[in-house]
Amino acid sequence: MTTFRRRVAEWRLPSLKWATLRVPQWSPKTAAPDPARQAAMAFPHLQQPSFLLASLKTDSINKPFAQRCQDLVKVIEDFPAKELHTVFPWLVESIFGSLDGVLPGWNLRCLQGRVSPVEHSVAVEFLDPGGPMMKLVYKLQAEDYKFDFPVSYLPGPVKASIQERVLPDSPLYHNKVQLPPTGGLGLYLALNPFEYYMFFFALSLITQKPPPGALHVRTSDCAYFILVDRYLAWFLPTEGSVLPPLPSSPGGPSPSPAPRTPAVPFASYGLHHTSLLKRHISHQTSVNADPASHEIWRTETLLQVFVEMWLHHYSLEMYQKMQSPHAKLEVLHYRLSIRSALHSPAHPGLQALHAHQESFMPTEEHVLVVRLLLKHLHAFANSLRPEQASPSAHSHAASPLEEFKRAAVPRFVQQKLYLFLQHCFGHWPLDASFRAVLEMWLSYLQPWRYAPERQAAGSDCQARSVSERWAPFVQENLLLYTKLFLGFLSRALRTDLVSPKNALMVFRVAKVFAQPNLAEMIQWGEQLFLEPELGIPQRQHRLFTAPSFTGSFLSSWPPAVTDASKVKSHVYSLEGQDCKYTPMFGPEVRALVLRLAQLITQAKQTAKSLSDQCGESAAGRPFLSWLGFYPADANGSYAGNDLDEMGQDSVRKTDEYLEKALEYLCQVFRLSEAQLAQLTLALGTTQDENGKKQLPDCVVGEDGLILTPLGRYQIISGLRRFDIEYQGDWELQPIRSYEIASLVRALFQLSSAINRRFAGQMAALCSRADFLGSFCRYHLLEPGLSGRRLLSPVGRGHAANRSRGPRLSLRFLGSYRTLLSLLLAFSVASLFCVGPLLCALLLVLGYVLYAVAMTLLTERGKLHQL
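Structure report, in brief.

The rules behind the values
Residues numbered from 1 in each chain as written. Predicted model: local features only at pLDDT ≥ 70, side-chain atom pairs only at ≥ 80, totals over all residues. Heavy atoms only, no water. Helix = DSSP H or I, 4+ residues; strand = E, 2+ residues; numbered from the N terminus. Buried < 20%, exposed > 50% of the residue type's maximum accessible area, 1.4 Å probe, protein only. Contact = heavy atoms within 4.5 Å. Areas by Shrake-Rupley, 256 points an atom, 1.4 Å probe, with all protein chains shown as cover. Phe/Tyr/Trp six-rings, centres within 6.5 Å; stacked < 30°, edge-to-face > 60°. Expected span 1.5 Å × (residues − 1). Axes fitted to C-alpha atoms, helices over the stretch in contact; angles between N-to-C directions. Parallel < 35°, antiparallel > 145°, perpendicular 65-115°, else oblique. Left-handed = near helix turned anticlockwise from the far one by under 90°. Nonpolar A, V, L, I, M, F, W, Y, C, P; charged D, E, K, R; others polar.

1. Points about the overall build of the protein chain
Turning to step 1, where the next piece is worked out: Within the protein chain, the secondary structure is distributed over 38 helices and five strands.
Turning to step 2, where the next piece is worked out: For the protein chain, the proportion of its 866 residues judged to be buried stands at 46%.
Turning to step 3, where the next piece is worked out: Here the analysis covers contacts within the protein chain between residues at least 6 apart in sequence; of these, 78% occur between residues at least 24 apart.
Turning to step 4, where the next piece is worked out: Accessible area for the protein chain stands at about 43,600 Å²; split by element, carbon and sulfur atoms hold 60% of it.

2. Considerations on the packing of aromatic side chains
Turning to step 1, where the next piece is worked out: Enumeration according to the criterion identifies 37 aromatic pairs in this entry.
Turning to step 2, where the next piece is worked out: Judged by centre distance (6.4 Å) and plane angle (80°), the rings of tyrosine 197 and tyrosine 231 are edge-to-face. Separated by 34 residues along the polypeptide, tyrosine 197 in helix H10 (residues 193-207) and tyrosine 231 in helix H11 (residues 223-235) bring together distant segments of the chain.
Turning to step 3, where the next piece is worked out: Look at tyrosine 197 and you get buried, because its relative accessible area is 0%.

3. Describing the side chain of threonine 301
Turning to step 1, where the next piece is worked out: Counting through the fold element by element, threonine 301 comes out in helix H13 (residues 291-311).
Turning to step 2, where the next piece is worked out: Threonine 301 sits in the buried class, given a relative accessible area of 7%.

4. So, unusual backbone geometry
Turning to step 1, where the next piece is worked out: Positive phi, close to 55°, is recorded for asparagine 107, a residue that is not glycine.
Turning to step 2, where the next piece is worked out: With respect to the helices, strands and loops of the structure, asparagine 107 is situated in the loop between helix H6 (87-96) and helix H7 (117-127).
Turning to step 3, where the next piece is worked out: A positive phi angle, close to 60°, is found at cysteine 833, a residue other than glycine.
Turning to step 4, where the next piece is worked out: Inspection of the secondary structure assignment puts cysteine 833 in the loop between helix H37 (816-831) and helix H38 (836-865).

5. Quick word on helix H25 (residues 500-513)
Turning to step 1, where the next piece is worked out: Look at H25: 20 Å from first C-alpha to last across 14 residues, which is about the 20 Å you get at 1.5 Å a residue.
Turning to step 2, where the next piece is worked out: Counting buried positions along H25 gives twelve out of 14 residues, so the element sits mostly inside the fold.
Turning to step 3, where the next piece is worked out: Burial in H25 covers these residues: Pro500, Asn502, Ala503, Leu504, Met505, Val506, Phe507, Arg508, Val509, Ala510, Val512 and Phe513.

6. Description of the packing of H6 against H10
Turning to step 1, where the next piece is worked out: Running from amino to carboxyl end, H6 crosses H10 at an angle of 20°, the nearest separation of the two axes being 10 Å. In terms of their interaxial angle, H6 and H10 are classed as roughly parallel. Considering only the axes of H6 and H10, their crossing is right-handed. Contact with H6, carried on its side by Phe88, Pro89, Val92, Glu93 and Phe96, involves Pro193, Tyr196, Tyr197, Phe200, Phe201 and Ser204 of H10 and no other residues of that element.
Turning to step 2, where the next piece is worked out: Grouping the amino acids of the contact of H6 with H10 by side-chain chemistry returns nine nonpolar, one polar and one charged.

7. Here we look at the environment of aspartate 697
Turning to step 1, where the next piece is worked out: Positionally, aspartate 697 belongs in the loop between helix H31 (673-682) and strand E4 (698-701).
Turning to step 2, where the next piece is worked out: When its relative accessible area of 30% is taken as the criterion, aspartate 697 is described as partly exposed.
Turning to step 3, where the next piece is worked out: Sequence spacing of aspartate 697 and arginine 720 is 23 residues, and the spatial spacing of their C-alpha atoms is 8.7 Å.
Turning to step 4, where the next piece is worked out: Not counting residues up to four positions away in its chain, the partners in contact with aspartate 697 are Leu707, Thr708, Leu710, Gly711, Gln714 and Arg720.

What follows is the structure, encoded as structure tokens:
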């Protein structure tokens, strides 16, 4: 550390000479002209590199991680902003990685406390909202430096809008878009240090990919997830106000970012949304009149950055276009055309439509971080006192933070979250990983879980009941309850409900919607939307009317309006004026719920049937089959299924989840047991007299059984199946997962050589009529095909041609179970001082006695059949 400071002190004097010159990575505020800065812009060849930056780059290669962070702490404390501003862009990129994902940075997404505790602790403390990195941000913020951020790395809809010279509706981008510098390419944003830091931090969740071969990362333990949680708790407080920034200079707290004049002409969707901060500053005569107004901009900026970078990947206009049947057919034609070389290239407009809708697919970690954001937002918005949350509290006496709490979710989050969830529901794979999306959705639907009064609930009934005060939230978010529930239904009808993970997801959704009073609130919201109204709201691009140029987005907050107007405005703003709304409690959705109830009942019976079959097959196996000396079934393979691998405990959980889910669905949609029983019988899911599962529904034709449409549906859904057996040569069966492939092939070659060499002798022995002939036939002859079930009559014609002579099979020695059993037997024998040779003789003698007994039983059985 002493050497580092001495080296920097030697370079500090010459670096001060160039401290006021403009570096290509930043553009200072242009309020007051600076001759040195103008000279640097006029003569770019005079710009010199920062020696402090060069020293830090060298140390980043040669020093360990913890030592580098300690050096950075001292540099941030000792050096002024004039020298640190050249270091800041490099430092941010070295931490969060490059925007193109080539440089990994510190790889915060994979930095886990249980794997690398020292590096994890150092990184989290350095980037903590009260840590050294934020001190650097506030120190640069006080000098009002600006840093360039390329527009090309913004989310797709935002990038396309800015490149088309249309200003996005988010206040985050207003007064920041700049033309490229001389010789530069592309538009860029001029961001203050806090915005620049948060842009990189939020985008690193998307741009940084885990290294190849990385182990599974537990999201809750990674440094990135912990930092997101700390930032949200710091800048979105549930108690008190936002903590002021740490003093970075004797002049006091860092000033608010001043508005900039747009340098590019924009045709905005409507009037500009200015920030909450600008409203208060434009009406204040003293900068110290209301300190809260100077700090609320950080809360607003952080929320907007997180929402824009994590959720704003899908365009509202594109989504509304996709709702029309004509657009869906065009996109389908485009998807088919790109898969066929015979078709001409698709129209560019269709390519753009397809790219906007499917170019971005979030990861499971991304969804978990968004869920954390939603939980903090609910806690933040619900931290208002009852008198502040009432409509009468909308007055000028409310503090900026209180106004922001009321407006944060509907103004910034609702629309983008709805589009994000719609895309996930429509494009996420039909597997158990959808649980992350499901829990994010359910967290948003239940803001009462994060309300302060929930902790003080008196009884369990009151804690589970949804209060009437949440009716406005349900009405203003009606589509997130109803249309997304319909999307979940379509997914649930296509999944295997026998799987415990899929059954759990159905149970979770049914339990949430079955909360007392919630279904009634949703139904009342639908009635408000469907009731006729004299005036139909006009189509608008935003949820509410845009404010004036001089006001805040809060100034556009609507006065007291009817509940019906709120619901209609919500639906029309998201789905478009010509949307076709499907009521959640209408006949169409009710029919889908009945179908899901049928599948739940069938899945319960299937799970029970498979569990019984597993138990029967386990009980019916010979004892020596567990040691590998006897085939486990008639096919020479071991029986098993998915439920056998999951275990009986998972079968019990599946049954419990499906039972409760069916109960909750009956409560929400008022289904009777008579309806369920009637529909169950209609699908033919009853069992026969013996309690065994029937075959799929089919009819008998000339060539055997023919599946009916119902039978095809039963097979596709996994409700019924045929018992398929291997009818070919035992020795040529596919190698099983419990066998050693190389050993099986070697044993096959050995047994084939023996069979070719001694074929005549084995045939003579098997033709004998005495006990020796019976003993040889038991070991050398394959069981007759007559003992097997041939479901297809076509196979019976070829059965006679597939008779094979006596032969020796050594394949059982290639099984892991056989080798493990032999190893266990020799190990136990060694404990009793029995040598390997004697142990082998005893095993052979034991098997000979077992084979003699089985030969006698087999011959006696044949005599009884005659």
